[in-house]
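Coordinates in review
For reference, the chains in residue letters:
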Amino acid sequence: MKKLTHSFAAVKLIIAAIIFLAMPQLVTAQATYKLVQSPNVTIKVLGSSNVHDWTMASTAMESQGDFTFVGDKLQALHVFSFHLAVKSLHSDHASMDDRTYKSVNASKYPNISYKLTSAVVTPIGGNKYLIKTKGDLTIAGATQPISMDVTATVGADNTITCTGAKKIQLTDYGIKPPTFMLGTMKVTNDLTIQFNLIYKK
């Protein structure tokens, strides 16, 4: 009887081992993803004035982040940084660009930077995720904490596309809204930053 009991136990152990080995194993992997240089990778600054709306855009940025996957599912974002040269932002008018560079003192503070402090990743269906982020944005030498909702899409080619928008106010960074045409055109205090960023290992 005891021998039979041991035999049943051995059979159960073998069956359990077969089931375990047959199951797909979830592998946790963290890797550094870097920003892809592409015309589709853009950041835009949208503003308005008492005359018309305006846009400045750049495709020259440096950025990277440490993304964690469990299997093929995005689970976390631990480290993230972003740097943009102020003078890589351009509008349709060179005179406006020059006045903007002067307003943010680009000669002294040539870069805009962002550093992540925390992130929470939530699946929102299929290969899309909502990343609720907190971080520090530095413009014209002044740093402010900001929160942003970022939509991340994991592509079949293992790229991660991050999109979103954030409203800021110039005066929060010690910047006086610029004026043009001898003061007849006055830029409003509110700006919107829009981004489409693609990352790859």
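For the structure itself, look to the data block above.
Residues numbered from 1 in each chain as written. Predicted model: local features only at pLDDT ≥ 70, side-chain atom pairs only at ≥ 80, totals over all residues. Heavy atoms only, no water.

Taken as a whole, the largest pocket encloses approximately 280 Å³ of empty space. Around the largest pocket sit 18 residues that line it, and F69, G71, D72, V154 and N158 are the ones nearest its centre. Secondary-structure elements contributing two or more residues to the lining of the largest pocket are β1 (28-35) and β4 (61-70). Ranked by residue count, the leading element in the lining of the largest pocket is β1, at four residues. (1 Å grid on protein atoms, 1.4 Å probe; cavity = no way out; pocket = protein on both sides within 12 Å on 5 of 7 lines; lining within 4 Å. Points joined across faces, edges and corners; volume = space filled by probe spheres on them. Helix = DSSP H or I, 4+ residues; strand = E, 2+ residues; numbered from the N terminus.)

Moving on to the packing of aromatic side chains. Counted according to the given criterion, the structure contains five aromatic pairs. Consider the rings of Y33 and F69, whose centres lie 6.3 Å apart with planes at 35°: the pair is tilted. Of the two residues, Y33 sits in strand β1 while F69 sits in strand β4, which places them 36 residues apart along the sequence. F69 carries the same exposure label as Y33, and that label is buried. When the ring of F80 is compared with that of Y114, the centres are 6.2 Å apart and the planes differ by 65°; the resulting orientation is edge-to-face. Placement of the pair is F80 in strand β5 (residues 73-85) and Y114 in strand β6 (residues 111-125), with a sequence separation of 34 residues. On the basis of relative accessible area, F80 is assigned to the buried category, the value being 12%. Three or more aromatic residues joined by ring pairs form one cluster here, namely Y33, F67, F69, F80, Y114 and Y199. (Phe/Tyr/Trp six-rings, centres within 6.5 Å; stacked < 30°, edge-to-face > 60°. Buried < 20%, exposed > 50% of the residue type's maximum accessible area, 1.4 Å probe, protein only.)

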